[in-house]
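# Notes for the structure review
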Amino acid sequence: EADRLLIGAGVYTAGATGGDKGANTVNATTYYTGGKQDWIPINKVTAETRTSTTTLTDDAVLKVTMAASTKYKIRGMFMIDVAGAGGFRIGTAISNVATALQIGIRYTSDNGDLYHGTHVTAVGLHINDGSTGGLGIIWFDAYVENITAATVFSIQWAQSASNGTALQIKAGSYLEYAVMT
């Protein structure tokens, strides 16, 4: 019994070494509340930078592998540090055709302005005009319906204008997704 997961006054492991965070922790891959799947997080634990590129490219971490014949809801928050002359673009990519895709985006720039809009797959959204640099936050919500084959939904980003000063998506940025039933 020492290696079994016990549920009593909370979740704990008796005599186990624990999850990847050490003793008294538990790793889980899917969470359910009331029989329904909860949001599954994908966290960016280290910052990622890009310089001298305007080509939208997949983020190293912020992507969701989706099963065929499944509907997903996806949301995320990205903290960006924009090089003044480089600006910032964001896009999405799906490796196979989705039958339905809708994305709503909200973002704030270093001057505190709040913007919102919708987004079309593989088209960059020009977040910063490149005339000023600074920090920004992007939030988005998406609905993706995929019927034919497994696919990957990925966040892509690049500079609006090629610049040698690095553009960065900061650690702590994340995606969350859930299968819709």
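The structure presented is a predicted model; accordingly, all values stated were derived computationally and were not measured. (Residues numbered from 1 in each chain as written. Predicted model: local features only at pLDDT ≥ 70, side-chain atom pairs only at ≥ 80, totals over all residues. Heavy atoms only, no water.)

### A look at the overall build of the protein chain
Of regular secondary structure, the protein chain possesses 0 helices and 16 strands. Expressed as a percentage of the 181 residues in the protein chain, the buried residues total 35%. Across the protein chain, the fraction of contacts at a sequence separation of at least 24, relative to all contacts at a separation of at least 6, is 78%. A total accessible area of about 9700 Å² is found for the protein chain, and carbon and sulfur atoms account for 53% of it. (Helix = DSSP H or I, 4+ residues; strand = E, 2+ residues; numbered from the N terminus. Buried < 20%, exposed > 50% of the residue type's maximum accessible area, 1.4 Å probe, protein only. Contact = heavy atoms within 4.5 Å. Areas by Shrake-Rupley, 256 points an atom, 1.4 Å probe, with all protein chains shown as cover.)

### Quick word on the packing of aromatic side chains
Using the criterion set out here, one finds 4 aromatic pairs in the structure. An angle of 25 degrees between the planes, with centres 5.6 Å apart, marks the rings of F78 and F140 as stacked. Here the residue F78 occupies a position in strand β8 (residues 70-82), and F140 occupies one in strand β13 (residues 134-146), the gap between them amounting to 62 residues. We note that F78, like F140, is buried. Look at F88 and W157: their rings are 6.4 Å apart centre to centre, the planes differ by 25 degrees, and that puts the pair in the stacked class. Of this pair, F88 sits in strand β9 (residues 88-94) while W157 sits in strand β14 (residues 151-158), and the two are 69 residues apart along the sequence. Considered together, F88 and W157 belong to a single accessibility category, that of buried residues. Among the aromatic residues, those joined into a cluster by ring pairs are F78, F140 and F153. Looking at R50, its charged tip hangs above the ring of W157, at a distance of 3.9 Å from the centre. Here the guanidinium or amino end of R75 rests over the ring plane of W39, the centre of that ring lying 3.7 Å away. (Phe/Tyr/Trp six-rings, centres within 6.5 Å; stacked < 30°, edge-to-face > 60°. Lys NZ or Arg CZ within 6 Å of the ring centre and 35° of its normal.)

### Re the pattern of salt bridges
Within the structure shown, the criterion is met by 4 salt bridges. In this structure, K44 and D59 form a salt bridge, with 2.9 Å as the shortest nitrogen-oxygen distance. Within this pair, whereas K44 is found in the loop between β5 (40-43) and β6 (48-50), its partner D59 is found in strand β7 (residues 57-66), the two being separated by 15 residues in sequence. Where salt bridges share partners, they join K44, E48, R50 and D59 into one cluster. (Salt bridge = Lys/Arg side-chain N within 4 Å of Asp/Glu carboxyl O.)

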